[in-house]
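Descriptive structure summary
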Amino acid sequence: MDAIQINPKILGGTPVFKGTRVPVETLFDYLEEGASIDTFLKDYPTVKKEQAVAVLEVAGKVVSSKDFKSKYEATS
């Protein structure tokens, strides 16, 4: 995936948007607070819109997968 980079030399291996030092988690924090993707992109101009959209698409696939559902139900 071209949107996410995991490198132990960058923020201790925290997943970041590729080519930046912006943690992927920051996007989800913004959305959780009610901010728009455009606000996030304005505040973090090194992140491309395509990267943010790709991360959200991956998150959607993970959450909708059968494997996730069975693990989530087991912890609920």
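To start, this report covers the structure provided alongside it. Computed from a predicted model, the values in this text were never measured in an experiment. (Residues numbered from 1 in each chain as written. Predicted model: local features only at pLDDT ≥ 70, side-chain atom pairs only at ≥ 80, totals over all residues. Heavy atoms only, no water.)

**With respect to the overall build of the chain**
For clarity, the cut-off: Going along the chain from the N terminus, every DSSP run of H or I of four or more residues is numbered as a helix, and every run of E of two or more is numbered as a strand. Throughout this description, buried means an accessible area under 20% of the type-specific maximum (1.4 Å probe, protein chains only), exposed means over 50%, and partly exposed covers the range between. Every accessible area reported is derived by Shrake-Rupley at a probe size of 1.4 Å, with residue values counting cover from the shown protein chains alone.
A count of helical and extended segments in the chain gives 4 helices and 2 strands. What you see in the chain, going N to C, is helices and strands ordered as β-β-α-α-α-α. Within the chain, the proportion of its 76 residues that are buried is 24%. Carbon and sulfur atoms make up 56% of the accessible area of the chain, which totals about 5,400 Å².

**A few points about the pattern of salt bridges**
Here is the rule: Any Lys or Arg side-chain nitrogen located within 4 Å of an Asp or Glu carboxyl oxygen qualifies as a salt bridge.
Per the counting criterion, the structure on display carries 1 salt bridge. Aspartate 2 serves as the salt-bridge partner of lysine 18, at 3.8 Å between the closest nitrogen and oxygen. On the criterion of sequence distance, the pair formed by lysine 18 in the loop between β2 (16-17) and α1 (24-32) and aspartate 2 in the segment before β1 (4-5) is long-range, its members being 16 residues apart.

**Quick word on the side chain of threonine 20**
For clarity, the cut-off: In the analysis that follows, any N or O atom pair within 3.5 Å is treated as a polar contact, provided that within protein one partner can donate a hydrogen and the other can accept it, and provided that, for residues neighboring in sequence, both atoms belong to side chains. Contact criterion: two residues are considered in contact whenever any of their non-hydrogen atoms come within 4.5 Å of each other.
The topology assignment puts threonine 20 in the loop between β2 and α1. Accessibility expressed as a relative area gives 6% for threonine 20, which makes it buried. For threonine 20, the side chain forms a polar contact with the main-chain oxygen of phenylalanine 17, separated by 2.7 Å. In terms of polar contacts, threonine 20 uses its side chain to reach the backbone amide nitrogen of valine 22, at 3.0 Å. Other than its neighbours up to four places away in sequence, threonine 20 contacts Ile10, Thr46 and Val47.

**Describing the nonpolar core**
Selection rule: We call a set of buried residues a nonpolar core when its members are Ala, Val, Leu, Ile, Met, Phe, Trp, Tyr or Cys and they connect through side-chain atoms within 4.5 Å of each other.
Ala3, Phe17, Val22, Val24, Leu27, Tyr30, Phe40, Leu41, Val47, Ala52, Ala54 and Val55 together form the largest nonpolar core, which totals 12 residues. Elements with a minimum of two residues in this core: α1, α2 (37-43) and α3 (49-64). Those residues in contact with leucine 41 that sit more than four places away from it in its chain are Val47, Lys48, Lys49 and Ala52.

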